[in-house]
Amino acid sequence: MAAGKEIRNKIKSVENTKKITKAMEMVAAAKMRKAQDRMRTARPYSEKVATIAGHLSMANPEYVHPFMVSNDAKKPVGIVLVTTDKGLCGGLNTNMLRAVTQKLREVDAAGGKAEVVAIGNKGLGFMNRIGATVVAHATQLGDTPHLDKLIGPVKVLLDKYAAGELSAVYLCFTRFINTMKQEPVLQQLLPLSAESLKDKAKASHAWDYLYEPDAATVIDELLLRYTESLVYQAVAENMASEQSARMVAMKAATDNAGTLIKELKLVYNKTRQAAITKELSEIVSGAAAIGG
(Lines give C-alpha, C1' and ligand atoms only; values in the text may rest on other atoms or scores of the structure.)
Protein backbone atom coordinates (compact mmCIF):
# COMPACT_ATOMS: atom_id res chain seq x y z
CA MET A 1 0.00 0.00 0.00
CA ALA A 2 2.91 2.31 -0.71
CA ALA A 3 0.83 4.14 -3.33
CA GLY A 4 -2.06 4.47 -0.86
CA LYS A 5 0.25 6.01 1.75
CA GLU A 6 1.53 8.55 -0.76
CA ILE A 7 -2.03 9.53 -1.67
CA ARG A 8 -2.98 9.89 2.02
CA ASN A 9 0.03 12.16 2.57
CA LYS A 10 -0.94 14.24 -0.44
CA ILE A 11 -4.54 14.54 0.78
CA LYS A 12 -3.29 15.73 4.17
CA SER A 13 -0.99 18.27 2.49
CA VAL A 14 -3.80 19.67 0.33
CA GLU A 15 -6.12 19.85 3.36
CA ASN A 16 -3.51 21.91 5.23
CA THR A 17 -3.17 24.19 2.21
CA LYS A 18 -6.95 24.56 2.07
CA LYS A 19 -7.03 25.68 5.71
CA ILE A 20 -4.39 28.33 4.97
CA THR A 21 -6.15 29.70 1.86
CA LYS A 22 -9.49 29.76 3.70
CA ALA A 23 -7.94 31.76 6.54
CA MET A 24 -6.34 34.16 4.06
CA GLU A 25 -9.67 34.57 2.29
CA MET A 26 -11.38 35.55 5.55
CA VAL A 27 -8.58 37.98 6.49
CA ALA A 28 -8.69 39.58 3.03
CA ALA A 29 -12.47 39.96 3.28
CA ALA A 30 -12.15 41.83 6.58
CA LYS A 31 -9.36 44.06 5.25
CA MET A 32 -11.28 44.64 2.02
CA ARG A 33 -14.21 46.24 3.83
CA LYS A 34 -11.89 48.60 5.71
CA ALA A 35 -9.95 49.46 2.55
CA GLN A 36 -13.16 50.20 0.65
CA ASP A 37 -14.42 52.45 3.46
CA ARG A 38 -11.08 54.28 3.51
CA MET A 39 -11.15 54.71 -0.27
CA ARG A 40 -14.72 56.06 -0.28
CA THR A 41 -13.96 58.39 2.63
CA ALA A 42 -11.03 59.92 0.73
CA ARG A 43 -13.01 60.52 -2.46
CA PRO A 44 -14.98 63.63 -1.35
CA TYR A 45 -11.77 65.46 -0.38
CA SER A 46 -10.00 64.66 -3.65
CA GLU A 47 -13.11 65.59 -5.64
CA LYS A 48 -13.43 68.94 -3.82
CA VAL A 49 -9.76 69.79 -4.34
CA ALA A 50 -10.15 68.85 -8.02
CA THR A 51 -13.17 71.15 -8.31
CA ILE A 52 -11.28 74.08 -6.78
CA ALA A 53 -8.31 73.45 -9.07
CA GLY A 54 -10.72 73.38 -12.01
CA HIS A 55 -12.21 76.73 -10.96
CA LEU A 56 -8.69 78.11 -10.73
CA SER A 57 -7.94 77.00 -14.29
CA MET A 58 -10.94 79.00 -15.50
CA ALA A 59 -9.79 82.14 -13.69
CA ASN A 60 -7.21 84.66 -14.87
CA PRO A 61 -4.51 84.42 -12.23
CA GLU A 62 -1.54 86.74 -12.26
CA TYR A 63 0.66 83.73 -11.46
CA VAL A 64 0.99 80.48 -13.43
CA HIS A 65 2.27 77.47 -11.52
CA PRO A 66 5.02 75.31 -13.15
CA PHE A 67 2.69 72.28 -12.92
CA MET A 68 0.39 73.95 -15.48
CA VAL A 69 3.20 74.73 -17.93
CA SER A 70 4.18 72.19 -20.60
CA ASN A 71 7.89 71.35 -20.71
CA ASP A 72 10.09 70.28 -23.61
CA ALA A 73 8.70 67.03 -25.06
CA LYS A 74 12.26 65.71 -25.49
CA LYS A 75 12.81 65.60 -21.75
CA PRO A 76 12.47 62.27 -19.87
CA VAL A 77 9.08 61.03 -18.67
CA GLY A 78 8.29 60.44 -14.99
CA ILE A 79 6.16 57.47 -13.90
CA VAL A 80 4.66 56.92 -10.45
CA LEU A 81 3.97 53.17 -10.31
CA VAL A 82 1.62 51.91 -7.56
CA THR A 83 1.62 48.15 -6.88
CA THR A 84 1.22 45.91 -3.85
CA ASP A 85 3.85 44.89 -1.31
CA LYS A 86 2.63 41.28 -1.23
CA GLY A 87 1.52 38.76 -3.83
CA LEU A 88 -1.27 36.16 -3.86
CA CYS A 89 -3.73 38.63 -5.38
CA GLY A 90 -4.36 37.08 -8.79
CA GLY A 91 -3.39 39.04 -11.89
CA LEU A 92 -3.65 42.46 -10.21
CA ASN A 93 0.05 43.38 -10.39
CA THR A 94 0.59 41.54 -13.66
CA ASN A 95 -2.04 43.62 -15.46
CA MET A 96 -0.63 46.86 -14.05
CA LEU A 97 2.97 45.99 -14.91
CA ARG A 98 1.92 44.97 -18.41
CA ALA A 99 0.38 48.42 -18.98
CA VAL A 100 3.47 50.18 -17.61
CA THR A 101 5.78 48.03 -19.73
CA GLN A 102 3.80 49.05 -22.81
CA LYS A 103 4.23 52.72 -21.85
CA LEU A 104 7.97 52.25 -21.33
CA ARG A 105 8.24 50.67 -24.78
CA GLU A 106 6.40 53.61 -26.34
CA VAL A 107 8.75 56.06 -24.62
CA ASP A 108 11.78 54.05 -25.70
CA ALA A 109 10.52 53.81 -29.30
CA ALA A 110 10.19 57.60 -29.37
CA GLY A 111 13.82 57.92 -28.29
CA GLY A 112 12.97 59.11 -24.79
CA LYS A 113 13.84 57.98 -21.29
CA ALA A 114 11.73 57.26 -18.22
CA GLU A 115 12.32 57.79 -14.51
CA VAL A 116 10.22 55.70 -12.15
CA VAL A 117 9.02 56.13 -8.58
CA ALA A 118 7.91 52.70 -7.33
CA ILE A 119 5.30 52.47 -4.58
CA GLY A 120 5.09 48.83 -3.49
CA ASN A 121 7.57 45.93 -3.45
CA LYS A 122 6.20 44.19 -6.54
CA GLY A 123 6.64 47.20 -8.79
CA LEU A 124 10.07 48.00 -7.34
CA GLY A 125 11.31 44.46 -7.92
CA PHE A 126 9.98 44.39 -11.48
CA MET A 127 11.49 47.76 -12.40
CA ASN A 128 14.87 46.68 -11.04
CA ARG A 129 14.71 43.41 -13.00
CA ILE A 130 14.06 45.13 -16.33
CA GLY A 131 16.74 47.75 -15.68
CA ALA A 132 14.46 50.79 -15.42
CA THR A 133 15.72 53.98 -13.76
CA VAL A 134 14.18 54.02 -10.28
CA VAL A 135 14.80 57.42 -8.67
CA ALA A 136 12.81 56.77 -5.46
CA HIS A 137 10.58 54.17 -3.88
CA ALA A 138 8.21 53.55 -0.97
CA THR A 139 7.53 50.05 0.35
CA GLN A 140 6.05 48.35 3.41
CA LEU A 141 3.09 50.73 3.53
CA GLY A 142 0.97 48.33 5.57
CA ASP A 143 -2.80 48.20 5.28
CA THR A 144 -3.30 51.96 5.70
CA PRO A 145 -1.74 54.53 3.33
CA HIS A 146 0.05 57.40 5.04
CA LEU A 147 0.67 60.53 2.99
CA ASP A 148 3.93 61.31 4.79
CA LYS A 149 5.37 58.03 3.45
CA LEU A 150 4.12 58.69 -0.08
CA ILE A 151 4.78 62.35 -0.77
CA GLY A 152 8.56 62.13 -0.16
CA PRO A 153 9.32 59.77 -3.07
CA VAL A 154 6.67 61.34 -5.33
CA LYS A 155 8.04 64.83 -4.62
CA VAL A 156 11.25 63.79 -6.38
CA LEU A 157 9.37 63.73 -9.70
CA LEU A 158 7.26 66.79 -8.84
CA ASP A 159 10.39 68.84 -8.16
CA LYS A 160 12.04 67.58 -11.33
CA TYR A 161 9.00 68.60 -13.37
CA ALA A 162 8.85 72.03 -11.71
CA ALA A 163 12.54 72.47 -12.60
CA GLY A 164 11.81 71.62 -16.24
CA GLU A 165 13.70 68.31 -16.17
CA LEU A 166 10.70 66.15 -17.14
CA SER A 167 8.26 66.43 -20.03
CA ALA A 168 5.36 64.74 -18.19
CA VAL A 169 4.54 62.68 -15.11
CA TYR A 170 2.16 59.72 -15.24
CA LEU A 171 0.36 58.02 -12.37
CA CYS A 172 -0.20 54.25 -12.70
CA PHE A 173 -2.45 52.34 -10.32
CA THR A 174 -5.32 49.83 -10.22
CA ARG A 175 -8.76 51.41 -9.91
CA PHE A 176 -11.37 49.65 -7.79
CA ILE A 177 -14.59 49.05 -9.74
CA ASN A 178 -16.22 46.37 -7.61
CA THR A 179 -15.24 43.25 -5.70
CA MET A 180 -14.92 41.19 -8.88
CA LYS A 181 -13.45 43.84 -11.17
CA GLN A 182 -10.38 46.06 -10.94
CA GLU A 183 -8.76 47.81 -13.89
CA PRO A 184 -5.25 49.21 -14.43
CA VAL A 185 -5.15 52.97 -14.98
CA LEU A 186 -2.37 55.05 -16.50
CA GLN A 187 -3.26 58.74 -16.26
CA GLN A 188 -1.30 61.95 -16.77
CA LEU A 189 -0.50 63.65 -13.48
CA LEU A 190 1.52 66.53 -14.92
CA PRO A 191 1.22 68.90 -16.67
CA LEU A 192 -2.19 69.93 -15.36
CA SER A 193 -3.85 71.13 -18.54
CA ALA A 194 -6.64 73.70 -18.34
CA GLU A 195 -8.86 71.42 -20.45
CA SER A 196 -8.59 68.47 -18.05
CA LEU A 197 -9.19 70.68 -15.03
CA LYS A 198 -12.23 72.33 -16.59
CA ASP A 199 -13.93 68.93 -16.71
CA LYS A 200 -13.52 68.74 -12.94
CA ALA A 201 -14.77 72.27 -12.28
CA LYS A 202 -18.44 71.40 -12.90
CA ALA A 203 -19.12 74.98 -13.95
CA SER A 204 -19.61 76.75 -17.25
CA HIS A 205 -18.53 80.26 -16.21
CA ALA A 206 -15.18 81.79 -15.33
CA TRP A 207 -14.10 82.45 -11.77
CA ASP A 208 -12.14 85.30 -10.29
CA TYR A 209 -10.36 85.30 -6.95
CA LEU A 210 -8.79 87.64 -4.44
CA TYR A 211 -5.63 86.00 -3.10
CA GLU A 212 -4.39 86.35 0.45
CA PRO A 213 -1.48 86.66 1.09
CA ASP A 214 -0.64 86.45 -2.64
CA ALA A 215 -1.44 84.38 -5.73
CA ALA A 216 1.84 82.46 -5.77
CA THR A 217 1.48 81.21 -2.19
CA VAL A 218 -2.15 80.15 -2.58
CA ILE A 219 -1.75 78.48 -5.98
CA ASP A 220 1.46 76.69 -4.96
CA GLU A 221 -0.26 75.22 -1.91
CA LEU A 222 -3.46 74.33 -3.77
CA LEU A 223 -1.80 72.48 -6.65
CA LEU A 224 0.53 70.67 -4.28
CA ARG A 225 -2.49 69.48 -2.27
CA TYR A 226 -4.20 68.52 -5.54
CA THR A 227 -1.33 66.29 -6.68
CA GLU A 228 -1.02 64.82 -3.17
CA SER A 229 -4.73 63.97 -3.14
CA LEU A 230 -4.42 62.23 -6.52
CA VAL A 231 -1.52 60.10 -5.31
CA TYR A 232 -3.22 59.26 -2.00
CA GLN A 233 -6.47 58.35 -3.74
CA ALA A 234 -4.55 56.15 -6.21
CA VAL A 235 -2.87 54.24 -3.36
CA ALA A 236 -6.21 53.89 -1.51
CA GLU A 237 -7.86 52.56 -4.69
CA ASN A 238 -4.97 50.16 -5.23
CA MET A 239 -5.20 48.82 -1.66
CA ALA A 240 -8.94 48.23 -1.99
CA SER A 241 -8.30 46.45 -5.29
CA GLU A 242 -5.54 44.37 -3.69
CA GLN A 243 -7.72 43.02 -0.88
CA SER A 244 -10.62 42.32 -3.23
CA ALA A 245 -8.37 40.48 -5.70
CA ARG A 246 -6.72 38.52 -2.88
CA MET A 247 -10.08 37.48 -1.42
CA VAL A 248 -11.27 36.25 -4.82
CA ALA A 249 -7.95 34.48 -5.51
CA MET A 250 -7.93 32.75 -2.12
CA LYS A 251 -11.56 31.67 -2.54
CA ALA A 252 -10.69 30.15 -5.90
CA ALA A 253 -7.68 28.41 -4.35
CA THR A 254 -9.84 27.04 -1.52
CA ASP A 255 -12.44 25.75 -3.97
CA ASN A 256 -9.74 24.15 -6.14
CA ALA A 257 -8.20 22.50 -3.08
CA GLY A 258 -11.60 21.03 -2.15
CA THR A 259 -12.03 19.66 -5.66
CA LEU A 260 -8.54 18.16 -5.62
CA ILE A 261 -9.17 16.51 -2.23
CA LYS A 262 -12.33 14.84 -3.60
CA GLU A 263 -10.41 13.55 -6.64
CA LEU A 264 -7.56 12.24 -4.49
CA LYS A 265 -9.96 10.47 -2.13
CA LEU A 266 -11.62 8.82 -5.11
CA VAL A 267 -8.25 7.64 -6.42
CA TYR A 268 -7.29 6.44 -2.92
CA ASN A 269 -10.50 4.43 -2.56
CA LYS A 270 -10.03 2.86 -5.99
CA THR A 271 -6.41 1.99 -5.20
CA ARG A 272 -7.39 0.53 -1.83
CA GLN A 273 -10.22 -1.48 -3.38
CA ALA A 274 -7.89 -2.83 -6.06
CA ALA A 275 -5.33 -3.85 -3.41
CA ILE A 276 -7.98 -5.65 -1.33
CA THR A 277 -9.33 -7.43 -4.40
CA LYS A 278 -5.82 -8.53 -5.33
CA GLU A 279 -5.16 -9.89 -1.82
CA LEU A 280 -8.46 -11.82 -1.83
CA SER A 281 -7.64 -13.29 -5.22
CA GLU A 282 -4.24 -14.41 -3.97
CA ILE A 283 -5.81 -16.02 -0.84
CA VAL A 284 -8.43 -17.82 -2.91
CA SER A 285 -5.82 -19.01 -5.39
CA GLY A 286 -3.57 -20.21 -2.58
CA ALA A 287 -6.43 -22.08 -0.86
CA ALA A 288 -7.43 -23.71 -4.17
CA ALA A 289 -3.87 -24.80 -4.79
CA ILE A 290 -3.58 -26.38 -1.33
CA GLY A 291 -6.99 -28.06 -1.63
CA GLY A 292 -6.16 -29.36 -5.08
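Look above for the structure.
Computed from a predicted model, the values in this text were never measured in an experiment.

Draft legend 1. Inspection of the overall build of the chain at higher detail. Helix and strand content of the chain: six helices and five strands. Along the chain, helices (α) and strands (β) appear in the sequence α-β-α-β-α-β-α-β-β-α-α when read from the amino end. Against the 2.2 N^0.38 benchmark of 19 Å for 292 residues, the chain shows a C-alpha radius of gyration of 29 Å, more extended than a compact globule. In terms of principal-axis extent, the alpha carbons of the chain reach across some 115 × 40 × 30 Å.

Draft legend 2. A look at the nonpolar core. Counting residues in each nonpolar core, the largest one holds 37 residues, and the members touching the most others are Ile119, Val169, Leu171, Leu189 and Leu190. Among the elements of the structure, α1 (2–57), β1 (77–82), β2 (114–119), β3 (133–138), α4 (147–162), β4 (168–178), β5 (181–190) and α6 (215–291) are those that each provide at least two residues to this core. Take this core: its biggest share by element is ten residues, from α6. Once you skip the residues sitting within four places of it in the chain, Val169 turns out to touch Gly78, Val80, Leu157, Tyr161, Gln187, Gln188, Leu189 and Leu190. Ranked by size, the runner-up nonpolar core spans 15 residues in total, among them Val77, Leu97, Tyr170 and Cys172.

Draft legend 3. Structural detail: the packing of helix α2 (residues 92–109) against helix α3 (residues 121–129). Running from N to C, α2 and α3 cross one another at 40°; their axes reach a closest spacing of 11 Å. Overall, the two elements α2 and α3 adopt an arrangement that is oblique. Considering how the two elements wind past one another, α2 and α3 form a crossing that is right-handed. Contact with α2, carried on its side by Asn93, Leu97, Val100, Thr101 and Leu104, involves Lys122, Gly123, Phe126 and Met127 of α3 and no other residues of that element. Tallied by class, the residues present in the contact of α2 with α3 amount to five nonpolar, three polar and one charged.

Draft legend 4. Structural view of α3. Taken together, the buried positions of α3 are occupied by Gly123, Leu124, Phe126 and Met127. Projected down its long axis, α3 shows its buried positions confined to an angular sector of 165°, all on one face. Next to the buried residues of α3 lie β1, α2, β2 and β3. Phi for Gly131, located one or two positions after α3, is positive at around 80°.

Draft legend 5. Spatial organisation of the pattern of salt bridges. On inspection of all chains with the given rule, the structure shows eleven salt bridges. Across the pair Arg225 and Glu221 runs a salt bridge whose closest N-O atoms are separated by 2.7 Å. Here Arg225 pairs with Glu221, and both are found in helix α6, just four residues apart, close to one helical turn. Accessibility expressed as a relative area gives 33% for Arg225, which makes it partly exposed. When its relative accessible area of 38% is taken as the criterion, Glu221 is described as partly exposed. With its nearest N and O atoms 3.0 Å apart, the salt bridge here joins Arg246 to Glu242.

Draft legend 6. Just the side chain of Ser241, in detail. Inspection of the secondary structure puts Ser241 in helix α6. For Ser241, the side chain forms a polar contact with the main-chain oxygen of Thr174, separated by 3.3 Å.

Criteria and cut-off values
- Residues numbered from 1 in each chain as written.
- Predicted model: local features only at pLDDT ≥ 70, side-chain atom pairs only at ≥ 80, totals over all residues.
- Heavy atoms only, no water.
- Helix = DSSP H or I, 4+ residues; strand = E, 2+ residues; numbered from the N terminus.
- Rg over C-alpha atoms; globule rule 2.2 N^0.38 Å.
- Core = buried A, V, L, I, M, F, W, Y, C linked by side-chain atoms within 4.5 Å.
- Buried < 20%, exposed > 50% of the residue type's maximum accessible area, 1.4 Å probe, protein only.
- Contact = heavy atoms within 4.5 Å.
- Axes fitted to C-alpha atoms, helices over the stretch in contact; angles between N-to-C directions.
- Parallel < 35°, antiparallel > 145°, perpendicular 65-115°, else oblique.
- Left-handed = near helix turned anticlockwise from the far one by under 90°.
- Nonpolar A, V, L, I, M, F, W, Y, C, P; charged D, E, K, R; others polar.
- Arc of directions from axis to C-beta.
- Salt bridge = Lys/Arg side-chain N within 4 Å of Asp/Glu carboxyl O.
- Polar contact = N/O pair within 3.5 Å; in protein donor to acceptor, adjacent residues only side chain to side chain.

The values are spatial; any link to function lies outside them.
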